[in-house]
Structure formats: C-alpha cells, structure tokens
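What follows is the residue order along each chain.
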Amino acid sequence: MWQKIKTHISESQVWKSVIRHGYPDTRRNRTLVVLSNFFLHLHPTKVPSHSLKLSYTWCMGGLTFFLFLVETLTGVLLMFYYRPVGEYAYNDILALREHVPLGIMREIHRWGAHAMVITVWLHMLRVFLTGSYKPPREFNWGIGVVLLTLTLLLSFTGYLLPWDQLAIWAITVGSNMARATPFVGHEGPGAKLLNPGMLGLEDVPLIHATDDARFVLLGGPFVGEATLLRFYVLHCVFIPLAAATLMAVHFWRVRKDGGISTPTDDFSQKAL
Amino acid sequence: MWQKIKTHISESQVWKSVIRHGYPDTRRNRTLVVLSNFFLHLHPTKVPSHSLKLSYTWCMGGLTFFLFLVETLTGVLLMFYYRPVGEYAYNDILALREHVPLGIMREIHRWGAHAMVITVWLHMLRVFLTGSYKPPREFNWGIGVVLLTLTLLLSFTGYLLPWDQLAIWAITVGSNMARATPFVGHEGPGAKLLNPGMLGLEDVPLIHATDDARFVLLGGPFVGEATLLRFYVLHCVFIPLAAATLMAVHFWRVRKDGGISTPTDDFSQKAL
Amino acid sequence: MESVRHLIDWLASPIRFLPLVCVIFFLALRGYRTITRPRVALAILLGAIIFYVLSLLDHNFRHIVAKPDNVPITIMLFLSGFCTYLALRQAAINDERMERGLAPLEKEGSETIFVWPDLVYIEFLAAVLVGILLTIWSIELKAPLEQPASPFRAPNPSKAPWYFLGLQEMLVYFDPWLAGVVFPTLIITGLMSIPYMDMNPRGTGYYSFKQRRMAITLYLFGFLFLWVTLITLGTFFRGPNWNFFGPYEYWDVHKVQPLVNINLSEIIYIKILGTGLPSNWFLREIWGLLFIAFYVFGLPPLLAKTALKNFAAKMGFIRYNVFMLHFLMMMLLPIKMICRWLFNLKYFVAVTEFFFNI
Amino acid sequence: MESVRHLIDWLASPIRFLPLVCVIFFLALRGYRTITRPRVALAILLGAIIFYVLSLLDHNFRHIVAKPDNVPITIMLFLSGFCTYLALRQAAINDERMERGLAPLEKEGSETIFVWPDLVYIEFLAAVLVGILLTIWSIELKAPLEQPASPFRAPNPSKAPWYFLGLQEMLVYFDPWLAGVVFPTLIITGLMSIPYMDMNPRGTGYYSFKQRRMAITLYLFGFLFLWVTLITLGTFFRGPNWNFFGPYEYWDVHKVQPLVNINLSEIIYIKILGTGLPSNWFLREIWGLLFIAFYVFGLPPLLAKTALKNFAAKMGFIRYNVFMLHFLMMMLLPIKMICRWLFNLKYFVAVTEFFFNI
C-alpha cells in the first residue's frame with residue numbers, strides 16, 4: 001500500500017517534472033542528483049577522496065560560505081527591526097535585545113561575523129599551504145583576496161550600526177586614516193600639491209576636510225548620521241551584492257579548474 | 001611594435017590566468033569564450049538560429065532580466081539617499097528630486113519597474129503561445145509563475161516608499177483585502193469559527209484586527225511607520241533575494257532543458 | 001463631435017463595454033487569419049492611433065491618460081495588442097503552411113549558430129536600446145509625488161497600484177475574501193497547473209492556433225479580457241467612489257449611482273415567493289448555497305458523464321477536477337457580471353454573519 | 001607568584017615580546033619536524049591552556065580577555081596555532097615520505113568518490129555542528145552594547161575593530177598615510193601577486209615545507225607575526241593613550257610614558273654633526289630621503305647584480321621588481337621597529353610641511 005502510493009507519486013508528471021532521477025543509490029542516479037540540482041551542481045559529481053579529509057581542507061572554505069548564508073539570513077531578519085537613523089538606531093538595538101522574541105539573532109549575527117573573518121583567514125592559509133594558488137588557479141586566488149577584503153569591509157561597516165560608543169569610536173579610529181590618503185586626503189602627503197597655486201595660479205587648496213577621501217567614505221566631515229545611513233546601505237546591500245557575485249565566480253572557477261587541488265606527479269625529491 | 005606589445009600582454013601569465021582562450025574568431029575560441037566565462041555560460045555555446053529572431057522571442061525574457069539589473073543598480077543608489085522612517089522618507093524623496101545630481105535615478109527606477117511588470121507578462125504570453133511550457137519544461141513554467149508573483153510584490157512594496165498620498169492609499173486599498181482572508185483575516189469568512197466558544201469554551205475570538213493576516217503584512221493595524229520599514233526591507237532585500245535565487249534556477253533549467261524551445265517533428269496536420 | 005463623445009461614453013459603461021470587448025475578442029480569434037493580414041492589422045493600428053490622438057484633444061481624457069502612473073498602462077495596451085498580433089500572424093502563416101504539409105517557419109531556420117558573437121550582440125543591442133528608451137522616458141516624465149502621506153485624508157478615488165486594478169474592479173462583483181484572496185490564489189495555482197493540464201503534445205517551439213485552439217483561447221481570454229481589460233476599465237473608467245465615468249466625462253465627486261442590487265434570497269423569497277425572508281440564515285440562504293454547491297461540486301461530475309465525457313476520460317480523475325475547479329472559478333466572474341446586469345443580483349449567498357458572501 | 005606575573009608583564013613589552021615571538025617563530029619553523037610530533041604539540045597545547053587558565057585567576061587579565069569582542073581573538077589565536085600545527089605536521093610527514101621516495105599522503109587516497117552522499121553528508125554535518133556551536137556561543141555571550149553614541153566623549157583607549165588592530169599598532173611606528181593607506185593597499189596587491197611571483201612548480205595539492213621553504217616562511221611570517229601577533233598586542237597589551245600594559249597590569253589612565261623619539265635628521269645634524277637643523281626642509285631631510293630612495297630604488301638592482309643574481313635572473317625583470325617592492329615594504333615595519341628600540345628613531349624622513357613622514 002505504502003509502496004504503491006510512493007510509486008504513484010514518483011511516477012506522476014508533477015514529481016517527474018521536478019526531480020528527474022531515481023533514488024540516488026546507483027552510480028547513475030548519484031551522478032544525476034548532483035548534475036540536475038542547481039545548488040548541488042556547484043560540486044563536480046565525483047571528487048578525490050583526500051579532499052574529504054578534514055585534516056586536508058579544515059572545511060574552512062565551506063564554513064565561510066555557510067557563515068555568509070547565516071549572516072544573510074540573520075541580517076535580513078534584523079533589518080526588519082532596525083532603522084538606520086540617529087534617533088532610533090540605538091533604541092532599536094536595545095528593543096531588539098529586550099522585546100523581540102528573535103533577539104538572539106543579533107548575537108548570532110555578530111559572532112557569526114567574527115567567526116567568518118577567522119574562517120576566511122584560515123581558508124586562505126590552507127589554500128596557501130597546499131599550494132592551491134598555483135597555475136591554473138592564479139586568478140581565483142586573486143578573487144579570493146578581494147573576497148577577503150570585502151569580508152573585512154562587511155564586518156567594518158556593520159560595526160557602526162549599533163550606534164553605541166564602541167561602534168562610533170571604532171569607526172572613527174578606523175576611518176581617520178583615510179584623512180591621510182596620499183593626494184586625496186586633506187592630511188595626506190601630496191594633498192597640498194593639488195593646488196592651482198603650484199602652477200602660479202590662485203593659491204586655493206583643492207582638497208579640504210569637507211571633500212577628501214574620508215568625507216566621501218563617511219558622507220560628512222566626521223562619523224555622523226550620514227555615515228550611519230551610508231554604512232547601513234554598504235553593509236546591507238552593496239558589499240553583499242559584490243561579494244555574492246564574486247563568490248559565484250570563485251566557486252565557478254574552482255569547479256572549472258577541476259575542483260579542489262590534487263597532487264601533481266611532480267613531487268619527487270630529485271626534481272628539487 | 002603594437003602587435004608585439006599585444007602579443008606580449010596576451011602571452012603573459014597574468015592575462016592567461018584570467019582569460020583562457022584566444023580572440024573569439026575561430027569555432028574553438030567562440031565556444032571557449034562562452035564556456036569559460038561565468039556570466040556568458042548561462043547560454044549554451046550554440047543556439048538554433050530561429051531563437052535569434054525578434055519575431056519569435058520578442059526579447060521579453062532577456063529584457064525582464066536586464067530591467068531587473070537596472071532596478072538593482074538604481075535601487076542601491078537610491079538607498080543611499082533614503083531613510084525608511086516616517087519623518088524623513090517623503091523629504092528624502094523630495095531632496096532626491098531637487099538636490100541630488102543623480103535625481104533621475106528615481107524616475108528610471110519607477111518606470112523601469114512598470115516596464116518590468118509589462119515585459120514579464122509578455123514573456124509569459126510568448127512562452128505560452130509557443131507552447132514552451134510543455135514537457136520537459138513544466139516545472140520551469142511554475143518557477144516562472146512564482147517569479148511573476150514576486151515581480152508584482154516587488155512593485156507593490158516599492159509603491160509605498162515615497163510615502164506620499166498616492167503611496168499610502170494605494171497600499172491601503174491593496175492590503176485591505178488581507179483583512180478578509182478566510183480564517184486568518186478578522187473580516188474573513190471562518191474567522192469567527194476560530195473561537196474556543198465554538199467548542200463550548202469561553203467565547204473569545206482568536207482573530208482580531210491586531211493579529212490577523214493584514215496585521216502581519218503591515219506590521220500594525222493600518223498602513224503606518226511599521227509598514228514603511230517592513231515594506232522597505234521586503235522591497236530592498238527580502239524579495240530581491242528570493243527572486244534572484246529563483247531566477248538562477250529558472251535560467252539553469254532553461255539551459256538544462258536545451259535552451260529555448262525548438263519545434264519537435266510532431267506538427268503535421270494529420271496527427272491532429 | 002459632441003454626440004460621438006456621448007456615444008463612446010455611453011458605450012464605455014461596463015454593461016456595454018465588457019460584452020462588446022468579449023464579442024470582439026471571440027470574433028477576432030475566429031477570424032485570426034483575416035485580422036492578422038498586414039493591411040487589416042495596419043488599419044486597426046491606424047484607427048487606434050487616430051482615436052487616441054483625437055481623444056487627447058478632450059480635456060477629461062487627457063487628464064486621466066496623461067497621469068504619470070497611467071502612461072505605462074497605455075504602453076502595455078499597445079504592446080499587448082502588438083505582441084498578440086505578432087503571435088497570431090505567425091500562427092496564421094504556420095497553420096496555413098502545415099495545412100499544405102510544410103513545416104512551420106521556425107523549423108525552417110533550425111540550423112544552430114554560435115552564441116558569441118551572434119546572440120550576445122543582439123542581447124547587447126536590445127539592452128542598450130531599452131536603456132536609452134528608459135532614460136528618455138525618465139527625462140521626459142517625472143515620477144509622481146503627491147502630498148505627504150496622511151492617514152486621515154483619503155483621496156477619492158483610492159486606487160491600488162495599476163497592475164492590481166483588475167482585482168479591485170472585481171470588488172464591484174465580489175467581496176474582498178474572494179476578489180482579493182481566493183481568486184488571486186487560484187490565478188497563481190491555475191497558471192502553475194497549466195503544463196500539467198495541457199496534454200496536447202503538439203505546438204512546442206512554434207506559433208500555431210489551429211493545433212491548440214482551446215488552450216490559446218482560454219489563456220488569451222484570461223489575459224486579454226479578464227486581466228488587461230479589467231485593468232483598463234479600473235484605470236480609465238473608474239472615478240470617485242469607484243463610480244463609472246466615460247472617457248470624456250468629468251470626474252464629478254458628487255455623481256450618485258443608485259444602489260439597487262439585491263440578493264438571491266430576496267429575489268426568491270420576496271419577489272417570487274412573496275413570503276419575506278426567513279430569520280434562520282441557513283434557511284434563508286439555502287437556494288444560493290445549493291446553487292454554489294452544484295456549480296462547484298455537482299457540475300464537474302455531471303459534465304464528466306455527459307458533455308465532456310471524452311475529455312474527462314482522456315484527462316483522468318485528478319487532472320480533470322483540478323482543471324474544472326480553476327475553469328469554473330474563472331467563469332464565476334463573467335457569470336456574476338451577467339447576473340448583476342440582468343437581475344441586479346448582489347450576492348448568490350449572503351451569510352453576512354460570517355462574512356461569507358458570494 | 002607575584003614575581004612571575006611581573007616577569008611576564010616585563011616580557012610582554014613590545015621591545016621584548018616581538019623579538020621573542022620572532023625568534024620562537026623561526027626556531028619553530030627550523031625544527032618543524034620536532035615541534036609537530038604529537039607529544040611535543042600536546043605539551044605546548046597543555047602549557048598554553050594551563051597558562052591561560054591560571055592567568056584567568058588574575059583580575060586584570062580576566063577583565064581584558066573576557067570582553068565580549070575579545071573572545072573571538074582568543075578563539076582565533078588557538079585556531080591559528082592549531083591549523084598551523086596541522087599543516088606543519090602533515091608537511092613533516094610528507095617531507096619525510098618524499099625523502100624516502102614515497103608519494104605524499106594526499107596522493108595515496110586519490111581515488112575518486114561520489115559527491116552524493118559522501119561530500120554532501122560531511123558538508124551538512126559541518127554546517128549543523130558550527131550552527132550549534134554558534135547558537136551556544138550566542139546564548140552564552142551577549143553582544144556588547146555600550147552607551148549611546150556621543151561624538152563628544154571619546155573612550156580611552158579608542159580602538160578600531162579587532163581585525164584592524166594590526167594596522168592601528170602600526171600607527172605607533174608610521175604615520176596614518178603609510179599604516180592606514182599605503183600598507184593595506186600593498187598587503188592586498190602583494191597577496192594578489194603571490195601566484196605570479198611563486199614560480200616553484202612543486203607543492204600543489206599536498207602539504208610540504210621542505211619543497212617550499214621560502215614561500216611558506218614568508219607567508220607565515222606575514223600572517224602569524226606581522227598580522228596575528230600585532231593584533232594580539234593591540235588587543236591585550238594596549239590600554240589608555242595606547243600605552244603598553246602587561247597582561248596582569250591595571251589599565252591606569254594616568255600612566256605616562258615619556259616621548260623621547262627623535263628624527264633621523266636630528267640624530268645626524270644635532271647628535272653627530274652638532275650643527276643644528278638646516279631651515280630648508282630638503283637639506284634637512286636629504287639623508288633620510290637618500291636612505292629611503294636607496295632602500296626602495298637602489299637595493300633591488302644592487303641585489304639583482306650580487307646576492308640575488310640567480311633569483312633575479314629566474315624571475316625576470318617585472319616579477320623580480322614587483323616581488324622586491326612588496327618584500328621591502330613588508331620588511332620596513334620590522335626595520336622601523338628595531339630602529340625605534342635601538343635609537344629611539346621617530347621618522348627617517350619628516351617633511352611635516354607636506355604630511356610626508358616615513
């Protein structure tokens with residue numbers, strides 16, 4: 001009876017139009033399940049067995065991606081309770097902690113972010129130490145470096161959002177350096193050179209505290225309300241979009257380069 | 001000389017690690033350019049020639065995707081100038097129009113949204129009229145229907161954000177109907193049945209104006225500030241994320257099902 | 001001139017406009033080979049443009065049509081018509097070819113070509129073109145921005161966003177739980193079930209009407225008539241208090257339309273039986289409930305045994321009933337419209353106690 | 001006990017702590033086969049844990065380490081150490097195997113297996129495990145929330161987010177334009193250029209130290225010493241006014257450290273020549289500018305002709321110079337540190353007029 005219902009369902013047009021292979025207990029179906037599923041096809045259908053060993057991969061790349069998903073999920077939930085405006089931001093975080101049933105989301109989001117920074121460093125360490133950046137994977141390492149930078153920027157922009165003393169001053173310290181950007185920071189070397197006065201024209205500096213690199217970053221001459229909105233959008237949409245696009249390319253290249261790196265035959269001592 | 005520099009660059013390790021094929025003027029390189037580029041590989045390497053005819057496809061699917069990208073780009077830019085809070089939302093839109101150099105972004109975003117609704121309808125019409133939903137494409141048609149719904153919801157949630165009379169009352173009219181959802185709307189049929197009084201217990205209705213389907217949608221008993229924030233997050237992050245995921249599956253399935261639909265041989269009059 | 005306007009205003013009333021569109025729709029499908037001949041199509045297009053341009057001279061017409069958010073609706077009307085024409089034109093050519101034993105046009109050019117550069121080039125061009133059009137549109141037409149939101153001053157009329165005006169128009173005939181919740185859900189599930197209902201194996205990859213007459217007629221009826229036409233009606237012909245206004249009529253807030261609609265129970269108990277309404281709601285609504293129960297649960301098995309015998313057998317039990325559910329629900333709207341126009345019917349079933357009105 | 005604490009506090013001062021870590025780092029790499037023997041590694045781990053637990057008894061230590069945002073740093077320290085151990089352990093085994101003519105361990109198990117269910121299962125398990133750990137962590141440790149933001153009351157110390165504390169620590173030795181802008185840029189470009197600089201074809205897909213001694217040493221030096229160690233220093237040992245505090249020391253806001261640093265120009269003109277500073281800035285800074293110019297532009301070609309002749313020839317002109325640029329810039333930090341500790345050097349070049357201090 002149960003078997004009959006099961007067969008009836010798995011033979012129906014609806015089921016077959018969604019899932020196009022049998023139960024994955026044969027070689028053929030195990031291959032098809034990966035090939036015919038959009039999310040699983042990020043993998044090849046078969047991998048070398050040593051790439052399953054925890055001692056080889058440390059799982060760090062996969063965990064970084066998992067944490068990115070966790071951050072996305074908790075982040076979207078948090079957005080529903082947060083307004084990126086000076087008067088409300090801090091109180092919204094307080095309210096989140098005190099009243100909202102899903103208050104723990106903020107903790108998961110923050111510790112997940114810290115964990116992601118760590119896993120991305122260790123993933124990079126693993127890739128370096130197994131020489132997995134060597135040809136043909138050179139460019140994908142570069143994409144990885146950009147992704148690392150984006151991860152740090154994601155964490156940095158998110159740091160401001162609770163709008164407490166810890167947030168505002170960490171960002172102030174972190175962004176003060178942009179003031180000293182060569183040429184385009186008003187306290188940077190060369191900024192005074194960008195002055196028509198140098199060419200014998202009127203002596204008016206082109207770079208001020210109100211139009212230098214730091215001003216563009218913060219949306220104002222110091223960390224204020226404009227910075228909060230700017231960092232909010234960078235944190236919630238702009239950087240995640242860029243990171244997600246690059247991640248897709250990253251995974252695609254890993255796949256195209258034959259999956260995880262495997263030993264070539266050129267490891268003998270004599271070739272040294 | 002020029003030729004020499006060109007060769008030197010295109011033979012360098014950096015160039016070769018990024019682009020792995022020659023100039024696409026041969027059969028082999030034209031195939032490789034599509035296969036080795038993450039964004040182009042959404043296409044197969046070759047397509048039937050009739051799928052290029054405007055009279056067959058009307059370009060509507062591609063244009064819908066293009067408009068989605070335009071909406072994403074302009075939407076992110078607009079977010080930098082907009083605060084989803086009652087006191088500021090309307091003034092931010094005004095300021096956007098009057099002061100910000102990229103003021104036209106709002107127009108492109110709004111008309112692009114309307115255009116996307118139209119192109120998605122016409123894409124569906126084309127797919128229907130060419131019978132492109134028939135096996136094995138049944139499930140992908142279903143995904144398309146969900147994408148159509150998400151497009152309408154995207155437009156609907158975005159409609160509220162200018163926070164003017166047009167916005168607030170259109171959403172009020174549009175969401176009033178949720179009040180009448182069967183069982184879970186406080187003016188819906190069956191709502192009164194969800195009452196312990198029906199079982200002889202205390203006569204307390206379970207569904208009120210302050211906890212029914214409409215309340216959940218609006219974040220309050222009427223279209224207010226909570227609705228603004230809720231629709232903002234739905235519009236800017238939640239629905240686009242869902243739509244982008246489904247779009248990826250949609251394109252993937254199109255590709256797996258052999259690209260655009262082509263005539264089978266079974267079209268003779270006699271088979272009628 | 002004035003009398004023509006009055007005639008059009010008079011024709012545009014839902015009771016005349018909707019049947020008219022419906023008749024034109026079926027005539028057009030019937031004569032799809034004639035009507036899609038380039039000359040005929042061009043004549044229709046020219047007629048539409050002349051009508052539109054002349055109408056723009058009218059102040060009231062211009063006022064409604066030129067509202068920024070209504071501009072896309074005009075564009076959609078033209079594009080929907082144009083795309084339907086394109087499809088039917090090719091269907092007509094293909095049908096004729098296939099009658100002569102030839103393959104459809106799409107089969108002719110079925111050699112494969114490279115995506116790079118051919119397809120990529122076309123995509124790029126289309127994107128640039130639409131990008132430019134969108135930019136011009138955005139420069140020429142400001143996005144609307146009215147007074148700041150005020151929850152205490154409702155504008156009259158209050159309209160939903162334009163793509164939902166079909167649903168809002170349905171509110172004239174049905175209560176919100178049907179028009180706003182049940183019907184939208186059924187539209188979505190109905191659309192999703194199409195591939196599993198349509199068992200006709202022919203017609204993939206080319207335009208044809210003759211081979212898929214029923215499927216295409218049903219779909220176009222749903223899209224062009226029940227969706228696009230109702231949006232048009234809701235946008236251009238519905239003014240303050242959701243009253244009807246002709247395209248050249250002034251939107252007078254004080255226009256009063258008498259409410260003369262009565263329920264089925266009142267028709268039966270008061271008009272026919274002359275006994276007055278029973279106080280028990282179940283007794284009162286028994287006729288309407290019976291009618292609806294028969295319509296939803298009785299009609300499908302009855303038809304499966306009689307008129308649709310072959311169809312039901314071919315479809316199988318589940319397919320047939322899913323199809324009938326969606327089909328009957330879709331037809332409920334025209335049926336209710338006709339009953340409203342003929343008998344001033346308000347509700348078949350009116351159990352206001354439980355918000356259960358149909 | 002008190003004297004042990006004082007000893008550790010004394011040792012933790014940058015001038016002793018950093019050279020100590022550096023020496024341990026190089027000794028450990030040299031004896032990587034010994035140090036990664038399970039027993040030795042376990043002993044080190046136990047030692048670290050005992051040190052950590054005993055230190056937690058100290059109030060000041062606990063106060064800093066238990067700050068919510070500092071918890072991840074402790075986790076990172078343990079994880080970095082553990083992962084480095086894992087990698088070097090396998091490198092040691094592989095190196096020994098390869099000396100004996102065997103393939104590395106990774107080659108042994110290089111038959112292929114199915115992604116479904118083997119890999120998917122592991123991924124699922126890892127995700128669930130980390131998900132649970134993260135949830136426990138989140139329940140146990142509240143995310144920090146201090147007083148509302150006030151632009152007028154700066155806390156002391158004001159620290160950047162923890163992962164940027166290495167850069168903030170660099171501010172002790174360099175001006176912000178170098179520590180905050182130029183060096184971060186060079187870190188990114190340097191990392192990106194690694195695959196194009198490392199021409200050693202061996203060592204893909206397995207752990208090995210012997211075959212990639214230079215590459216691994218440089219990378220670990222950058223990551224473990226210049227990045228992780230400086231973050232540790234910045235987090236745990238830097239208190240109010242960015243003064244140094246030992247791990248068991250109370251963070252006294254009033255602690256005063258005398259500023260005795262002087263510029264290179266002052267050393268040369270005042271201490272050595274005894275003539276006083278020239279008023280022209282170019283004349284004043286000529287020695288520093290010459291030194292920096294030599295370091296950046298003179299050293300690479302000089303080395304290419306002498307000590308690194310073979311290396312430069314193998315690398316080719318562009319590769320060699322890109323490598324040297326990043327390498328010399330990386331070494332500028334330890335060089336500046338040593339100069340600071342030995343000569344109290346503040347700046348090599350101090351053209352304060354143009355914010356150009358090195």
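Treat the numbers as computed from the prediction; the structure is a model and nothing was measured.

Enquirer: With reference to specific residues and values, describe the packing of helix α7 (residues 104-129) of chain A against helix α8 (residues 115-140) of chain D.
Expert: Between α7(A) and α8(D), the shortest axis-to-axis distance is 9 Å and the interhelical angle comes to 120 degrees. The angle between the axes of α7(A) and α8(D) places the two elements in the oblique class. Crossing hand, α7(A) versus α8(D): right-handed. Along its contact with α7(A), which presents I104(A), E107(A), I108(A), W111(A), G112(A) and A115(A), the element α8(D) presents L134(D), T135(D), W137(D), S138(D) and I139(D). Split by residue class, the contact of α7(A) with α8(D) holds 7 nonpolar, 3 polar and 1 charged.

Enquirer: Describe the interface of chain A and chain B, with residues and values.
Expert: In this complex, chain A contributes 41 residues to the contact, which on the side of chain B involves 41 residues. Summing the contributions of chain A and of chain B, the shared interface buries around 3,500 Å²; its carbon and sulfur component is 68%. Of all residues in chain A, F38(A), F80(A) and W252(A) bury the most surface against chain B, accounting for 18% of the area lost on that side. There are 0 salt bridges connecting chain A and chain B.

Enquirer: Describe the relation of the copies chain A and chain B, with residues and values.
Expert: What relates the two chain copies is a rotation about an axis together with a slide along it. Superposition of chain A onto chain B requires a rotation of 180 degrees combined with a translation of 0.0 Å along the rotation axis, giving an RMSD of 0.0 Å. The transformation relating the two chain copies, once decomposed into turn and shift, fits a two-fold axis. When you check the interface residues of chain A against chain B, 100% turn up at the interface there too, and the contact is symmetric in its surfaces.

Enquirer: Tell me what's going on with the environment of I73(D), and back it up with residues and numbers.
Expert: Residue and element names in this part refer to chain D. Here I73 shows up in helix α6 (residues 71-99). Separated by 89 residues in sequence, I73 and W162 have C-alpha atoms that sit 7.7 Å apart. The contact partners of I73, leaving out residues within four places of it in the chain, are W162, I231, T235 and F236.

Enquirer: Run through the environment of V127(A), naming residues and quoting values.
Expert: With respect to the helices and strands, the residue V127(A) is situated in helix α7. Beyond its immediate stretch of four places on either side in the chain, V127(A) contacts S132(A), Y133(A) and W141(A).

Enquirer: Let's hear about a negative patch on the surface: which residues, and what values?
Expert: A surface patch of negative charge is lined by E87(A), E225(A), E87(B) and E225(B). Its place among the elements puts E87(A) in helix α6 (residues 86-98). Residue E87(A) is classed as partly exposed on the basis of its relative accessible area, which comes to 34%.

Enquirer: Requested: an account of the packing of α6(D) against helix α11 (residues 213-236) of chain D, with residues and values cited.
Expert: Any two packed helices are characterised by how steeply their axes cross, that is the angle between the axes, and by the distance between the axes. Residue and element names in this part refer to chain D. Put simply, α6 and α11 touch, their axes get as near as 11 Å, and they point 160 degrees apart. By the angle between their directions, the pair α6 and α11 is classed as roughly antiparallel. Viewed along their axes, α6 and α11 form a crossing whose handedness is left-handed. Facing I73, T74, M76, L77, S80 and T84 of α6, the residues of α11 in contact are L220, F223, L224, V228, I231, T232, T235 and F236. For the contact of α6 with α11, the class distribution of residues is 9 nonpolar, 5 polar and no charged.

Enquirer: Describe the interface of chain C and chain B, with residues and values.
Expert: With 100 residues of chain C in contact, the opposing surface of chain B contributes 93 residues. Both faces combined, the contact of chain C with chain B buries some 9,100 Å², and carbon together with sulfur accounts for 72% of it. Considering only the side of chain C, the residues that lose the most area to chain B are F114(C), W116(C) and L145(C), jointly responsible for 9% of the buried surface there. Viewed at the interface, chain B and chain C are joined by 2 salt bridges. Between D198(C) and K134(B) there is a salt bridge, with the nearest N and O atoms lying 3.6 Å from each other. Connecting chain C to chain B are 33 residue pairs in polar contact (both at pLDDT 80 or more). Of all the secondary structure elements, the ones that give two or more residues to the side of chain C that touches chain B are α6 (71-99), α7 (105-108), β1 (112-114), α8 (115-140), α9 (165-170), α10 (176-197) and α11 (213-236) of chain C. Considering each element in turn, the side of chain C that touches chain B owes the most residues, 17 residues, to α8(C). Pairing analysis gives 3 bridges linking strand β1 (residues 46-48) of chain B to β1(C), with the strands arranged antiparallel. Note on β1(C): the bridge partner recorded for P48(B) is T112(C).

About the thresholds
Residues numbered from 1 in each chain as written. Chains lettered and ligands numbered in written order. Predicted model: local features only at pLDDT ≥ 70, side-chain atom pairs only at ≥ 80, totals over all residues. Heavy atoms only, no water. Axes fitted to C-alpha atoms, helices over the stretch in contact; angles between N-to-C directions. Helix = DSSP H or I, 4+ residues; strand = E, 2+ residues; numbered from the N terminus. Parallel < 35°, antiparallel > 145°, perpendicular 65-115°, else oblique. Left-handed = near helix turned anticlockwise from the far one by under 90°. Contact = heavy atoms within 4.5 Å. Nonpolar A, V, L, I, M, F, W, Y, C, P; charged D, E, K, R; others polar. Buried area = accessible area lost by both parts, 1.4 Å probe. Salt bridge = Lys/Arg side-chain N within 4 Å of Asp/Glu carboxyl O. Least-squares fit on C-alpha atoms with pLDDT ≥ 70 in both. Patch = residues over 30% accessible without salt bridge, like charges linked within 9 Å, V, L, I, M, F, W, Y side chains within 5 Å. Areas by Shrake-Rupley, 256 points an atom, 1.4 Å probe, with all protein chains shown as cover. Lys, Arg positive; Asp, Glu negative; His and termini not counted. Charge placed at Lys NZ, Arg CZ, Asp CG, Glu CD. Buried < 20%, exposed > 50% of the residue type's maximum accessible area, 1.4 Å probe, protein only. Polar contact = N/O pair within 3.5 Å; in protein donor to acceptor, adjacent residues only side chain to side chain. Pairing = 2+ DSSP bridges.

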